[in-house]
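The lines below spell out each chain.
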Amino acid sequence: MKRKVFRTLISVLTLALISAGCSVQKTNKTEYTKEADAVSSASKTDYTSLDKLKDKYDVIIIGAGGAGMTAALEAKANGMDPVIFEKMPVAGGNTVKASSGANASETKFQKEQGIEDSNELFYKETLEGGKGTNDKDLLSYFVENSASAIDWLDSIGIKLNNLTITGGMSVKRTHRPEDGSAVGQYLAAGLIKNVQAQKIPLFVNCEVREITQKDGKVNGVKVLINGKDEKTIEGKAVIVATGGYGANMDMVTKYRPDLEGLVTTNQPGTTGDGITMIEKLGGTTVDMDQIQVHPTVQQENSYLIGEVVRGEGGILVSSEGTRFVNEMGTRDAVTASINALPEKSAYVVFDAGVKSRAKAINQYEKMGFVLKGDSIEDLAQKMNVPADKLKATLDTWNNAVKDKNDAEFGRKTGMDNDLSAAPYYAIKIAPGIHYSMGGVKINANAEVLDKDGNAIPGLYAAGEVTGGLHGKNRIGGNSVIDIVIFGRQAGVKSAEYVKSN
Ligand code: ADP
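Here the structure is a predicted model, which means the values were calculated and not measured.

**Quick notes on the overall build of the protein chain**
And step 1. Each helix and strand counted, the protein chain has 17 helices and 20 strands in total.
And step 2. A compact globule built from 501 residues should have a C-alpha radius of gyration of about 23 Å, and the protein chain, at 22 Å, falls within 12% of that.
And step 3. Taking the principal axes of its C-alpha atoms as reference, the protein chain extends roughly 70 × 45 × 45 Å.
And step 4. Counting all 501 residues of the protein chain, 62% fall into the buried class.
And step 5. For the protein chain, the computed accessible surface area is about 18900 Å², with 49% contributed by carbon and sulfur atoms.
And step 6. Distance from the positive charge centre (59 side chains) to the negative charge centre (62 side chains) of the protein chain: 4 Å.

Right, dumping it as structure tokens:
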């Protein structure tokens, strides 16, 4: 178990370093460097050195994931002197690992590509996915500001103009990088580049342990620097962007004892610190037992196999060589179907066409997860499933794609292309802990609320640390846009607060 944690830590840190454009030598360097170079020339040495640390800032941002870096950029654009503290040795958080894309409706890229969509439909499908339990105020703000978030990213050199689809959505509204690659590394690298260009100090190895208050107003933080020196830093406002708690098994099992023993896709810094600190200030939480289990996780490396593989045409196949579910159902539904199989695991099966459209697969291949067969029979042998069954499954599926009618499971999306281009591929997967839908309660101004619904003066939160937006099931692609929409809002609103106090 320890070795697994260590391996995961190493792969996360390596990815994060690569995303920041660092000179980490690894077989996959070329590809990441190419992606990173498109948006970033950031390097490890560009993290701010500690001798630059001041005693006071306007806005203190805790956590250098997508939400934190976005908030810092907006705070700065609104005239603030912000600082970011990150407890890990690298920036990026779980954001670096995001694969599928960023959902948004009524965007210029959808319009350019003739994709009809509306904010109302996005709202309706997200609410259905969340079983009607989503915070309606947050959800309205979310859908109405999704297109402008895509525009804002574009304006700072992060172009998400390649559209795909995720489970539970009926139209292509998942925006990803032009070359179809995983969104997280590209987004994190782009944000780091902008943070550096704006000269926003970003200190790594700085763990915030406490948020301080005076006369009922937040007024700073206590930071543990390099694991030894604690310093108190003053701030007129604090934005908590510490991510979820999916790597803190004590917290996970406190709320969900049934998840004991599952692997987690979360980076090791995802330990719910922000929630603990905010609760100490009287902030309240929502939906803490709503922890998303992702259906397709490669188990040995706890590595998420993105929904894009199914969105681009992949299917799920059991050890019998047959399909067993609508692969584009919501994550909770697909997870339940896998858990109902005797072996509680399955294969994502796809062809050369899917591989060319979902660039994230190149990474899975480099990590050694992908079985390859020159023919269906060859693949069946490698998967150890009956070849005649697998062949029949693919024949039936290809007919369903041709007729646009999946009579077996009623799948309606991710059917633009059949699975007929050799070679064929499969990745073995099973469910894993993925995302904290629960978290601290905020309003649409990103203000942290106490149990009576009052905002705690000077305290803001954004991203996975918050709860309520996604309700009981998060739709794939909604968290990446969440961190941009509410990260921006936290930056803007904290600046307004600082100016008026
Ligand atoms: P989001 O998607 O909401 O931006 P991420 O997981 O991408 O969340 O980023 C959260 C970041 O916050 C991670 O890089 C994590 O290491 C960092 N973090 C968590 N707790 C602390 C803390 N106590 N002090 C500083 N940084 C923290």
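Moving on from the model shown.
**Side note on the packing of aromatic side chains**
And step 1. Under the definition given, this model contains eight aromatic pairs.
And step 2. Between Phe122 and Phe142 the ring centres are 5.4 Å apart and the planes differ by 45°, which places this aromatic pair in the tilted class. On the criterion of sequence distance, the pair formed by Phe122 in helix 5 (residues 119-129) and Phe142 in helix 6 (residues 136-144) is long-range, its members being 20 residues apart.
And step 3. In this structure Phe122 comes out as buried when scored by relative accessible area, which is 0%.
And step 4. Phe142 sits in the buried class, given a relative accessible area of 0%.
And step 5. An angle of 65° between the planes, with centres 6.2 Å apart, marks the rings of Tyr460 and Tyr497 as edge-to-face. Taken together, the residues Tyr460 in strand 19 (residues 455-461) and Tyr497 in helix 17 (residues 478-500) connect sequence positions 37 residues apart.
And step 6. Clustering of aromatic rings is evident, with ring pairs tying together Tyr303, Tyr364 and Phe369.
And step 7. Here the basic side chain of Arg474 rests over the ring of Tyr435, its NZ or CZ set 4.0 Å away from the ring centre.

**With respect to the confidence of the model for the protein chain**
And step 1. Scored by pLDDT, the protein chain has a mean of 91; 91% of the residues are at 70 or more.
And step 2. For the stretch residues 1-43, pLDDT sits under 50, and the model shows 77 contacts to residues farther than four places along the chain or on other chains.

**With respect to the nonpolar core**
And step 1. By size, the foremost hydrophobic cluster in this structure holds 98 residues, and its most contacted members are Phe85, Ile211, Val221 and Leu459.
And step 2. Element by element, the count of residues in this core is highest for helix 17, at 10 residues.
And step 3. Among the domains, domain 1 (2-97 + 187-290 + 437-500) and domain 2 (293-433) are the pair contributing at least three residues each to this core.
And step 4. Those residues within four positions of Phe85 in sequence are excluded, and the remaining contacts are Leu53, Ile60, Ile61, Ile62, Gly63, Ala64, Phe203, Cys206, Val208, Val221, Val223 and Ile233.
And step 5. In this structure, Val317, Ile361, Ala400 and Tyr425 belong to the second largest nonpolar core, which totals 42 residues.

**A short note on the sheet that holds strand 17 (residues 439-441)**
And step 1. A sheet is described by the order of its strands in space; here three strands give the open sequence 10-17-20, paired in mixed fashion. Whereas interior strands pair on both sides, the edge strands pair on one side only; in this sheet they are strand 10 (285-286) and strand 20 (466-467).

**A look at the domain arrangement of the protein chain**
And step 1. Structurally, the protein chain comprises domain 1 (2-97 + 187-290 + 437-500) and domain 2 (293-433).
And step 2. Between domain 1 and domain 2, the contact holds 22 residues from the first and 20 residues from the second.
And step 3. Summing the contributions of domain 1 and of domain 2, the shared interface buries around 1700 Å²; its carbon and sulfur component is 52%.
And step 4. Where domain 1 touches domain 2, the interface holds zero salt bridges.
And step 5. Counting the contacts that link domain 1 with domain 2 gives three residue pairs in polar contact (both at pLDDT 80 or more).
And step 6. Of all the elements in the fold, those that place two or more residues in the side of domain 1 that touches domain 2 are helix 1 (2-19), helix 2 (29-39) and helix 9 (249-255).
And step 7. The element that contributes the greatest number of residues to the side of domain 1 that touches domain 2 is helix 1, accounting for five residues.
And step 8. Residue composition of the side of domain 1 that touches domain 2, grouped by class: eight nonpolar, 10 polar and four charged.

**Some thoughts on unusual backbone geometry**
And step 1. With an omega of -5°, the peptide bond running from Ala422 to Pro423 counts as cis.
And step 2. Inspection of the secondary structure puts Pro423 in the loop between helix 16 (387-403) and strand 16 (424-436).

**Let's talk about the pairing of strand 2 (residues 82-85)**
And step 1. Of the two faces of strand 2, both are covered, the one formed by Pro82 and Ile84 as well as the one formed by Val83 and Phe85.
And step 2. Pairing of strand 1 (residues 56-62) with strand 2 involves four bridges; the strand directions are parallel. Paired with Ile62 across the strands is Phe85, a residue of strand 2.
And step 3. Summarising the sheet, strand 2 and strand 6 (residues 202-203) pair through two bridges and their orientation is parallel. Within strand 6, the residue paired with Phe85 across the bridge is Phe203.

**Here's the deal with the environment of Asn399**
And step 1. Within the secondary structure layout, Asn399 lies in helix 16.
And step 2. Asn399 sits in the partly exposed class, given a relative accessible area of 40%.
And step 3. Once the C-alpha coordinates of Asn399 and Pro342 are considered, the two residues, 57 residues apart in sequence, prove to be 28 Å apart.

**A few points about the environment of Glu447**
And step 1. Along the polypeptide, Glu447 turns up in strand 18 (residues 447-449).
And step 2. Since its relative accessible area comes to 22%, Glu447 is described here as partly exposed.
And step 3. Note: C-alpha distance between Glu447 and Pro457 (10 residues apart in sequence) is 8.1 Å.
And step 4. Setting aside residues no more than four positions away along its own chain, Glu447 makes contact with Lys441, Ile442, Ala455, Leu459 and Tyr460.
And step 5. A polar side-chain atom of Glu447 sits 2.8 Å from a polar atom in the side chain of Asn443.

Rules used in this analysis
- Residues numbered from 1 in each chain as written.
- Predicted model: local features only at pLDDT ≥ 70, side-chain atom pairs only at ≥ 80, totals over all residues.
- Heavy atoms only, no water.
- Helix = DSSP H or I, 4+ residues; strand = E, 2+ residues; numbered from the N terminus.
- Rg over C-alpha atoms; globule rule 2.2 N^0.38 Å.
- Buried < 20%, exposed > 50% of the residue type's maximum accessible area, 1.4 Å probe, protein only.
- Areas by Shrake-Rupley, 256 points an atom, 1.4 Å probe, with all protein chains shown as cover.
- Lys, Arg positive; Asp, Glu negative; His and termini not counted.
- Charge placed at Lys NZ, Arg CZ, Asp CG, Glu CD.
- Phe/Tyr/Trp six-rings, centres within 6.5 Å; stacked < 30°, edge-to-face > 60°.
- Lys NZ or Arg CZ within 6 Å of the ring centre and 35° of its normal.
- pLDDT = per-residue confidence, 0-100.
- Contact = heavy atoms within 4.5 Å.
- Core = buried A, V, L, I, M, F, W, Y, C linked by side-chain atoms within 4.5 Å.
- Domains from an automatic or database assignment.
- Pairing = 2+ DSSP bridges.
- Buried area = accessible area lost by both parts, 1.4 Å probe.
- Salt bridge = Lys/Arg side-chain N within 4 Å of Asp/Glu carboxyl O.
- Polar contact = N/O pair within 3.5 Å; in protein donor to acceptor, adjacent residues only side chain to side chain.
- Nonpolar A, V, L, I, M, F, W, Y, C, P; charged D, E, K, R; others polar.

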